[in-house]
Structures are given as structure tokens and as C-alpha cells.
Amino acid sequence: MPNETFVCENLSVNEQGHLTFAGQDVTHLAAEYGTPLYLMDEERIRHKCRIYREAFEANFAPGSTVLYASKACSFRQIYRIVNEEGLGADVVSLGELCTALSAGFPADKLFFHSNNKTDEDIRYAIEKGIGCFVVDNLEEIRVIEAESARLGRRQKVLLRLTPGIDTHTYEAVNTGKVDSKFGSAIETGQAEQAVVFTLAQPHVNLLGFHCHVGSQVFAEDVFERAAVVMLEFIAAIRKKHGYTASVLNLGGGYGVPYTDRDGSIDIAEKIADVGRTVRETCTRLALPEPVIYMEPGRSIVADAGLTLYTVGTVKTIPGYKNYVSVDGGMTDNPRYALYGSEYTCLTANKLTEEPVMKADLVGRCCESGDVIQPNVAFPDSIRRGDIVAVCTTGAYNYSMASNYNRIPRPPVVLLHEGTAKIAVRRETVEDLMHLDV
Ligand code: LLP
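We now turn to the structure provided with this report.

Scoring rules and cut-offs
Residues numbered from 1 in each chain as written. Predicted model: local features only at pLDDT ≥ 70, side-chain atom pairs only at ≥ 80, totals over all residues. Heavy atoms only, no water. Phe/Tyr/Trp six-rings, centres within 6.5 Å; stacked < 30°, edge-to-face > 60°. Buried < 20%, exposed > 50% of the residue type's maximum accessible area, 1.4 Å probe, protein only. Helix = DSSP H or I, 4+ residues; strand = E, 2+ residues; numbered from the N terminus. Expected span 1.5 Å × (residues − 1). Polar contact = N/O pair within 3.5 Å; in protein donor to acceptor, adjacent residues only side chain to side chain. 1 Å grid on protein atoms, 1.4 Å probe; cavity = no way out; pocket = protein on both sides within 12 Å on 5 of 7 lines; lining within 4 Å. Points joined across faces, edges and corners; volume = space filled by probe spheres on them. Nonpolar A, V, L, I, M, F, W, Y, C, P; charged D, E, K, R; others polar. Pairing = 2+ DSSP bridges. Core = buried A, V, L, I, M, F, W, Y, C linked by side-chain atoms within 4.5 Å. Domains from an automatic or database assignment. Contact = heavy atoms within 4.5 Å. Axes fitted to C-alpha atoms, helices over the stretch in contact; angles between N-to-C directions. Parallel < 35°, antiparallel > 145°, perpendicular 65-115°, else oblique. Left-handed = near helix turned anticlockwise from the far one by under 90°.

**Examining the packing of aromatic side chains**
Applying the stated criterion to the full structure yields 10 aromatic pairs. Here the aromatic rings of Phe56 and Phe60 are separated by 4.8 Å at their centres, their planes lie at 90°, and the arrangement is edge-to-face. The residues Phe56 and Phe60 share a single accessibility class, namely buried. Ring geometry for Phe111 and Tyr293: centres 5.1 Å apart, planes at 80°, overall edge-to-face. Taken as a pair, Phe111 in strand 7 (residues 110–112) and Tyr293 in strand 13 (residues 291–294) lie far apart in primary sequence, 182 residues in all. Looking at Tyr293, the relative accessible area reads 12%, which means it is buried. Each residue in the set Tyr38, Phe75 and Tyr398 is aromatic and connected to the rest through ring pairs, giving one cluster.

**Here we look at helix 2 (residues 42–59)**
Over its 18 residues, helix 2 runs 26 Å from end to end, which matches the ideal 26 Å to within 8%, given 1.5 Å per residue. For helix 2, every residue scored as buried is listed here: Glu42, Arg44, Ile45, Arg46, Lys48, Cys49, Tyr52, Ala55, Phe56 and Asn59. Measuring from the side-chain oxygen of the N-cap residue of helix 2 to the backbone nitrogen of Glu43 gives 3.1 Å; that N-cap residue is Asp41.

**Comments concerning empty space enclosed by the protein**
Under the counting rule described, the total for this entry stands at two cavities of 30 Å³ or more. Empty space within the largest cavity amounts to approximately 50 Å³. Around the largest cavity, the lining residues are Tyr38, Leu39, Met40, Cys73, Phe75, Gly305, Leu306, Thr393, Gly394, Tyr398 and Val412. Here the lining of the largest cavity is composed, by residue class, of eight nonpolar, three polar and no charged. Of the pockets and cavities examined, the second largest cavity occupies roughly 30 Å³. As for the second largest cavity, its lining consists of Pro36, Asp327, Gly328, Thr331, Asp332, Ile407, Pro408 and Pro410. Residue classes in the lining of the second largest cavity are distributed as four nonpolar, two polar and two charged.

**Re the sheet that holds strand 2 (residues 19–21)**
Pairing is antiparallel across the open sheet formed by three strands, whose spatial order is 1-2-3. Every interior strand has two partners, whereas the edge strands, strand 1 (11–13) and strand 3 (24–25), have only one. In the sheet, strand 2 pairs with strand 3 via two bridges, with the strands oriented antiparallel. From the neighbouring strand, Thr20 faces strand 3, where its bridge partner is Asp25.

**Describing the nonpolar core**
Membership of the largest hydrophobic core comes to 99 residues, with the highest contact counts inside it found for Met40, Phe133, Phe209, Val301 and Leu361. Looking at this core, the element that brings in the most residues is helix 8 (residues 222–241), giving 10 residues. When residues are assigned to domains, this core turns out to be shared by domain 1 (11–41 + 302–433) and domain 2 (113–296), each giving three or more. Apart from residues no more than four positions distant in its own chain, Phe133 is found in contact with Phe112, Lys117, Ile122, Ala125, Ile126, Ile144, Gln155, Lys156, Val157 and Leu158. Of all hydrophobic cores here, the second largest spans 20 residues; its members include Leu37, Leu39, Leu346 and Cys391.

**Section: the packing of helix 5 (residues 119–127) against helix 6 (residues 138–150)**
At a minimum axis distance of 10 Å, the contact between helix 5 and helix 6 shows a crossing angle of 40°. Here helix 5 is positioned oblique relative to helix 6, judged by the angle of their axes. Judged by the sense of rotation from one axis to the other, the crossing of helix 5 with helix 6 is right-handed. Contacts between helix 5 and helix 6 pair Asp119, Ile122, Arg123, Ile126 and Glu127 from the former with Glu140, Val143, Ile144, Glu147, Ser148 and Arg150 from the latter. Of the residues contributing to the contact of helix 5 with helix 6, the split by class is four nonpolar, one polar and six charged.

**A closer look at the packing of helix 4 (residues 94–102) against helix 5**
Between helix 4 and helix 5, whose axes approach to 11 Å, the crossing angle comes to 20°. Put simply, helix 4 runs roughly parallel to helix 5. Every pair of crossing elements has a handedness; the one defined by helix 4 and helix 5 is left-handed. Contacts from Leu94, Leu97 and Cys98 in helix 4 reach Glu120, Asp121, Tyr124 and Ala125 in helix 5. The residue makeup of the contact of helix 4 with helix 5, split by class, is five nonpolar, no polar and two charged.

Keep in mind that these numbers describe shape and distance, not what the molecule does.
Written as C-alpha cells, this is what we have:
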């Protein structure tokens, strides 16, 4: 068997030599729902939520909460699932906010991010009773103060700070450095200015601070180091200004394995390490232990996702290279094109055949950059009509999908205890023309 081990536990192979995902034969799902197709394994999402929640209960001060970073994958059903699992959520736009609210997500468990919230964003979110803003800059504080004064509220906020930590992940997601577009830097004194300004606003209630150092982070100790920098800042502000933050939000970022060359992270162990660091640092600084929030996105949904495609053109260029083209591409998964991200790709209906032929797995967009994954091993018999599965696509695939070349986006089908249900229907060409006048 060429694929004895899989990149995730929810993958297996059945007696027909077909790939199964969450216990279901993916070739049957492809036949029933068509391709390209996003599958999401509900049990896997719930399992990850529980790992985080239990680790939080065991390691952090009471009231500490896991917030699902919904930019990783946002559609109604996912908000329902994470809400049922007792998590809060982070939203970054009116689109995510409205989707969460329409799924019945309690507004007071939502945290509104973004480095550039519009006046409309702020007004709408306050009117809807948003739990907390994660404030990026002073301009935002001014607008929040004005809007919450108008509505006679006192709006809870966290201030986003940059702790000056380099996570050594890819540049597009390395956000904790001083020169980041996000937040106010501790090093430059701007963070302190933001605190002083915020505390002077009568209709703004500063709960504490936020940082997010990066995404797909595997580096040792990054979250512990961030916690120490942030707690030292909290202690310095307490000493100088008499204000004690009661909340510390450490953001998201734990990495997940996309191929068997990647390591994997034991979330429970990592959270325990962060918990220990927070307790020790608070003791050293004589600080009351703050409530801790974290905002995992990828590590909750990535391996709960799988994308299926149907093979179309198979092209060999003798002496050069081979191409296997499928009916999706950078429109449903732009991550290789954007970041050079690696994926595990499997020929789902031919798992028992030896994958001996190397080819680039490409999409059907009109540009050469439309590569899902280069250098994939396929069985020699690969041909039109075969089903290819790309694993670990639950995070930042559907949420980053586009309509480039006017290609409609695939549906999302949610798998749960042997059943399959459409969570997002397939976009049609009519949907695409819907807004054209
Ligand atoms: N909190 C904040 C403030 C964030 O900016 C992010 C991700 C998260 C939490 C969640 O991080 P996670 O646990 O998912 O690593 N499109 C890129 C990822 C962008 C991440 C942006 N921020 C990708 O496909 O790799």
C-alpha cells in the first residue's frame, strides 16, 4: 500500500482502495455533490475545540476563553458548531460579523479585529452589541468613543500591541514585529500613548491587551516569549499609570502539518507551557493573573477540511515535465500561488496503485501561476475522470477563494457521524452575474 500513513487521523483507505474522510468514501461524495468540492469534518472541528477548551480550563485563570479566528473558515454552520462547543469568535469584517450573528452567535462573545475598521463597521458592531473591539490605533478609539457615547454605552476594548517578536514563519503572516501594519509597538512608546489615551475616554472600557505574533508557527517558545513581553508591559503600565489590565489575548498561530515532513504540535502541551509561563511571570512581577484569550483559526479547522477535484487534461512534455489539470485551482486554493504552501495530494480512487509519475497539479485558470501543488506523485494510470484529494484544506481555502476567470466557488459539505449535508451551496454562473447591471 503506497499510503500506509496519512497526514491526518480522519483519513483512511477502504477495501476498494478509495480514500475515506471522516469515515466516508470520498469518491461517493464526489459523485453525489460534484467537484470541485470542499468537505469539512464536523467531529474533527469539535474535537479541536474541546482540546483547546479543556486546556484553557486546566491552565488559565477562570474566565479565560478560546476565540475561534473565523477568518480561517467562515460560514454559518461553523459559527453554530464553535458556539455549541463553548468558544467565542473573532471576526474581522462586517461580512464575518453578519454571518456569525445570522447563525445565532451571541454578539457579546464576538471580538472585532482589523487594522482599519471603517466608521460604518464600528457603528454597526456597537449597535449589535459586539462583545469587544480589538483596537488597532488611536483613530479607532476616537470613533468608538463617539459612537458608544451616542448610544449611551461603555464599549469594551482590547488594545492590539506589537511585542517585537519574529516568529520566522512566512512574511505574509509574520505580524508581531515592530514594523508590522498591525497594532501599536511597545518598543516605540506608542503602545503606552494608546493606553493613556484610551483610559481617558469615558465611553470606552479598556479590558487589557492583545498581540498576535504570526500564523503557521512552529518555533519553540514564541507564545511564552510573547506572554512575558506583554506581562512586563502590563506591569510597567500598572506601576506608572495605576491601571491593571485584566485580560491578555495572545492571538492565534499554532502551526499544523500539511505533509508528513512537517512536525505537529500538541496543543494541550503547548497551552500548559503558556499557562506555566503566565503564572511564573505574574508571580515574578507581583501581578494578578489576567484572564487569557487565544484566537486559534488554522489549528481548529485545517485538518477538518479536504478538497476533491476531478482530473481533466493530463499532459506529458517529454524531457520536461508533466501536468495533471483539475476542475478547480487557485480560485479555490490560492495558497501555493501566494505562499508556496505545501499540500499532500492523493489520487482518491487509486490509492492502492503506486504513485510513480511526477506531475504538477494545476488548475484551470488562465495563468501559469495557477498551481495547486508542484511535483505531486500520481499513479501511472492517472487519467481524465480520476478524483484527486488535496488534504488539510479546512483553513484559508474556502475563506480565500475567488471568482477569478468567473469561476464559481465550490460548495462546502459538512460530514457528521456518517451523514453529509450541504453547508454552503455551489455557486452558479447566475450567482456570479447577480450583481451585474
Ligand atoms: N488572530 C489574529 C489577529 C490573526 O491575524 C490571525 C490570523 C489569527 C488570530 C489566526 O491565526 P491562525 O491560528 O489561523 O494561525 N492566509 C494565510 C493566513 C493568514 C493569517 C492571518 N491572521 C494562510 O493561508 O496561511
